[in-house]
Amino acid sequence: LFRSEKEMHISAFFIMDENFLLSRPRAMRLLELMRKHDKAWALYIFSSANALRQYTTDELVELGLSWLWIGLEGKGSQYEKTVGVDTHKMVRDLQEQGTRVLGSTIIGLENHTPENIDLAIEHAVSHETDFHQFMLYMPMAGTPLWREMTAKGVMLDPAEMPEGDMHGQHKFNYHHPGIPAGQETDLLLRAFHEDFKANGPSLLRMVRTALHGYMKHKNHPDRRVRRRFQWEVQGFGT
C-alpha cells in the first residue's frame, strides 16, 4: 500500500481479499501503521458480518472503511456468515459512519422456488444498502459444489451451457431442484427491479451515505479521519 501510494499517487485501495477483516491482528497492524505514518487512506473491502463484529465503530472509521461488500443471505441459507447478526442494524450503523455498503444476495439457493423467492428478495431489499448485487447460485469447476452436482448428474452438458456464460447473471449451469429451467433469468431481473423500485438509484444512495459520514466526522478529533472524509466528498458540489 505504501509503495502504491508513492508510485501511483493514490489514497484509496480496493483490497481483493474474500474476507479481509477476518484476521483481526492483520487489520489492527495495518491501522497501527496508518496511525504511525499519518495515512488517511480509504479502503474498499470484502467482509462477512461475523468478521465485522470483531471491531468497534471507532476502529472501522479509523481504518478507513469506505466501501464494504457483504453477503446478506436470508433465513434458510446454509451459510453461517450472518448467523446471530442483526444485519439490518449493522448496515444502518455502517452507513451512518459513511461506509457505503454493497449487499450481495444469492438467487437460486437449494431451498428457493418461484413461490418463496419473493421473500428472499424482500429480505435483501429491506436492508436499503447503497448497492445490491444479486447472483445466481452456480457450481464452478473445481469447487465442492461442482463435484457434488456432477456426482448427482444434474450439471448441464457443456454444449447447453458454454463456459463463458457461467457468470451468474444469466442462467443456471445445472438443473435446479425447485426452479424450472429458464425462469432463473426472470427471477434475477425481478430482484434488481424490486431493489431499484424500493430504494432508488445507487448513485444517490452512495452520495447520501458519504454525506452522512462527512457530517458526522468532519470535526473528528483525529486529523487523519477528517482528511479522509474531506476527500470523500470532493466534487459533490457539482
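Please read all numbers here as calculations on a predicted model, not as lab measurements. Numbers given for residues are sequential positions, taken from 1 along each chain in its written order. In view of the model being predicted, local features appear only for residues whose pLDDT reaches at least 70, and side-chain atom pairs are presented and counted only at 80 or more, with totals across whole chains, interfaces and linings using the full set of residues. Excluding hydrogens and water, the side-chain figures rest on all heavy atoms present in the structure.

## Quick notes on the pattern of salt bridges
Part 1: Here a salt bridge means any side-chain nitrogen of Lys or Arg lying within 4 Å of a carboxyl oxygen belonging to Asp or Glu. With the rule as written, the count across this model stands at 16 salt bridges.
Part 2: One salt bridge connects Arg29 with Glu32, and the closest N-O pair in it is separated by 3.0 Å. Taken together, the residues Arg29 and Glu32, both in helix α2 (residues 24-36) and three residues apart, mark about one turn of the helix.
Part 3: Note that Arg35 is salt-bridged to Glu62, the shortest N-O span being 2.9 Å. With Arg35 in helix α2 and Glu62 in helix α4 (residues 57-63), the pair connects residues that are 27 residues apart, well separated along the chain. Strands here mean DSSP runs of E at least two residues long; helices mean DSSP runs of H or I at least four residues long; both are numbered from the N terminus.

## A short note on helix α9 (residues 202-217)
Part 1: Here α9 is 16 residues long and its end C-alpha atoms lie 23 Å apart, about the 22 Å a rise of 1.5 Å per residue gives.
Part 2: A simple rule labels every residue: compare its accessible area, found with a 1.4 Å probe on the protein chains alone, to the largest value its type can have, and call it buried under 20%, exposed over 50%, or partly exposed in between. For α9, the complete set of buried residues consists of Arg205, Thr209, Ala210, Gly213 and His217. For α9, the angular spread of the buried residues around the axis is 130°, confining them to a single face. When the buried face of α9 is taken as reference, the exposed residues oriented beyond 90 degrees from it are Leu203, Leu204 and Met215.
Part 3: Along its buried surface, α9 packs onto α4, α5 (87-96), β4 (100-107), β5 (131-136), α8 (183-199) and α10 (223-232). Each helix should span, by expectation, one fewer than its residue count multiplied by 1.5 Å. For this quantity, the arc is that covered by the directions from the helix axis to the C-beta atoms. In what follows, residue pairs with any heavy atoms lying within 4.5 Å of each other are defined as contacts.

## With respect to the packing of aromatic side chains
The relative placement of two aromatic rings is captured by the distance of their centres and the angle of their planes.
Part 1: Here the aromatic set is Phe, Tyr and Trp, taking the six-membered ring for Trp, and pairing holds for ring centres within 6.5 Å; pairs whose planes are under 30 degrees apart are stacked, those over 60 apart are edge-to-face, and all others are tilted. Taken as a whole and judged by the stated rule, the model has nine aromatic pairs.
Part 2: Grouping aromatic residues by their ring pairs yields a cluster made of Phe14, Tyr44, Phe46, Trp67 and Trp69.
Part 3: Whether a charge sits over a ring depends on NZ of Lys or CZ of Arg being within 6 Å of the ring centre and within 35 degrees of the ring normal. Over the ring of Phe229 we find Arg228, and its NZ or CZ is 4.3 Å from the ring centre.

## Re helix α6 (residues 117-125)
Part 1: Every buried residue of α6 is accounted for by Ile117, Ala120, Ile121, Ala124 and Val125. Buried residues of α6 fall within an arc of 130° about the axis and therefore sit on the same side. Away from its buried face by more than 90 degrees, α6 exposes Leu119 and Glu122.
Part 2: Where α6 is buried, its residues touch β4, β5 and α8.

## Details of the packing of α6 against α8
Part 1: Interaxial distance between α6 and α8 falls to 10 Å at its minimum, and their mutual angle equals 40°. In the crossing of α6 with α8, the sense of the turn from one axis to the other is right-handed. Residues Ile117, Asp118, Ile121 and Val125 of α6 form the contact with α8, whose participating residues are Leu187, Arg190, Ala191, Glu194, Asp195, Ala198 and Asn199. Lines fitted to C-alpha atoms define the axes here, with helix axes fitted over just the stretch in contact, and angles between the N-to-C directions of these axes take values from 0 to 180 degrees. Each crossing is labelled by how the near helix is turned from the far one, with a counterclockwise turn of less than a right angle marking it left-handed and a clockwise turn marking it right-handed.

## A few points about the sheet that holds strand β3 (residues 65-71)
Part 1: Strands pair, by our definition, only if DSSP identifies at least two bridges between them. Taken together, the five strands give an open sheet; going across it, the order is β1-β2-β3-β4-β5, and neighbouring strands pair in parallel fashion. Among the strands making up the open sheet, the edge pair consists of β1 (12-14) and β5. The average angle at which neighbouring strand axes cross in this sheet is 15°, direction not considered.
Part 2: Pairing geometry for β4 and β5, over six bridges, is parallel. Bridged to Ile107 within β5 is Leu136.
Part 3: Set on the sheet, α8 makes contact with β4 and β5; between it and β5 the angle comes to about 170°.

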